[in-house]
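Commentary on secondary and tertiary structure
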Amino acid sequence: MCFTNCKEFLGFHLEANTMVIPQIGALLTNEKIFPEATKFKPERFIDENGKFQTKPELIPFGVGKRACLGEGLARLELYLFAANLFNHFKITTIPSNPPKMAPIIGGTKMPEPFLTHFEKRF
Ligand code: HEM
């Protein structure tokens, strides 16, 4: 039961000043929402007419008042960075040392260090 300095949310009692950290990853890797969630499948975001489609659960930048302030900048940067990288280089794995899928979990989720091969396109 909640008293004065407490809010109730979806049956949880949150005392005033409780830190709540949304676990966005749990949503983004939910197999019911994104089947084969850890696979690179750009087609999951393209509808039957070839148009871009998204899902309300796709919230890498968070939602609401505390959502990421840098979303616009980050999207532009990521687009320019990825487009230039793939334009300039053909990137392939080294078969004897492929990247492992098990993540290192900390403040972020990241892959173990791995070697890869960059070939200049021109
Ligand atoms: C791919 C890049 C990025 C991702 C995925 C990302 C994601 C996020 C997420 C999930 C949050 C927390 C939202 C929440 O608490 O619910 C956040 C907060 C924030 N991000 Fe980002 N972010 C990115 C890049 C950036 C950049 C480039 C900037 C600034 C130039 C930035 C500035 C901030 C700030 C200031 C907050 C705190 C907002 C607040 O608590 O009021 N982020 N970001």
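Everything numeric in this text was worked out from a predicted model, so none of it was measured.

Rules and cut-offs
- Within any chain, residue numbers begin from 1 and follow the written order of that chain's sequence.
- For a predicted model such as this one, the threshold for reporting local features is a pLDDT of at least 70, and the threshold for listing and counting side-chain atom pairs is 80 or more; totals across whole chains, interfaces and linings nevertheless cover every residue.
- To obtain the side-chain values, all non-hydrogen atoms of the structure were used and water was disregarded.
- UniProt positions are given in the numbering used here, feature names are shortened, and annotations may be inferred rather than shown by experiment.
- A run of H or I in DSSP counts as a helix once it spans at least four residues, and a run of E counts as a strand once it spans at least two, with each numbered from the N terminus.
- Classification of residues uses two cut-offs on accessible area relative to the type maximum, computed with a 1.4 Å probe and protein chains only: under 20% is buried, over 50% is exposed, and between them is partly exposed.
- To be near a molecule or strand, a residue needs just one of its heavy atoms within 4 Å of it.
- Pairing of N or O atoms within 3.5 Å defines a polar contact, subject to two protein rules: one partner must be a possible hydrogen donor and the other a possible acceptor, and residues neighboring in sequence count only if both atoms are side-chain atoms.
- Residue type decides the class: Asp, Glu, Lys and Arg count as charged, Ala, Val, Leu, Ile, Met, Phe, Trp, Tyr, Cys and Pro as nonpolar, and the leftover types, Gly among them, as polar.

**Thoughts on the UniProt feature "binding site: heme" (unreviewed entry) in the chain**
Sequence positions flagged by UniProt for "binding site: heme" (unreviewed entry) are, in local numbering, Cys68. In this structure, cysteine 68 sits in the loop between helix 1 (24–28) and helix 2 (71–88). Here cysteine 68 falls in the partly exposed class, since its relative accessible area comes to 37%.

**Regarding the environment of leucine 27**
For leucine 27, the position within the fold is in helix 1. Residue classification places leucine 27 among the partly exposed positions, given a relative accessible area of 27%. Counting along the chain gives 45 residues from leucine 27 to glycine 72, while the straight-line C-alpha distance between them is 22 Å.

**Some thoughts on the site of the ligand**
The ligand sits among 13 residues. The nearest are Ile24, Pro60, Phe61, Arg66 and Cys68. In the model, an oxygen atom of the ligand is placed 2.8 Å from a nitrogen or oxygen of the arginine 66 side chain. By residue number, the principal contributor to the shell around the ligand is helix 2, which donates 3 residues. Grouping the constituent residues of the shell around the ligand by class yields 10 nonpolar, 2 polar and 1 charged.

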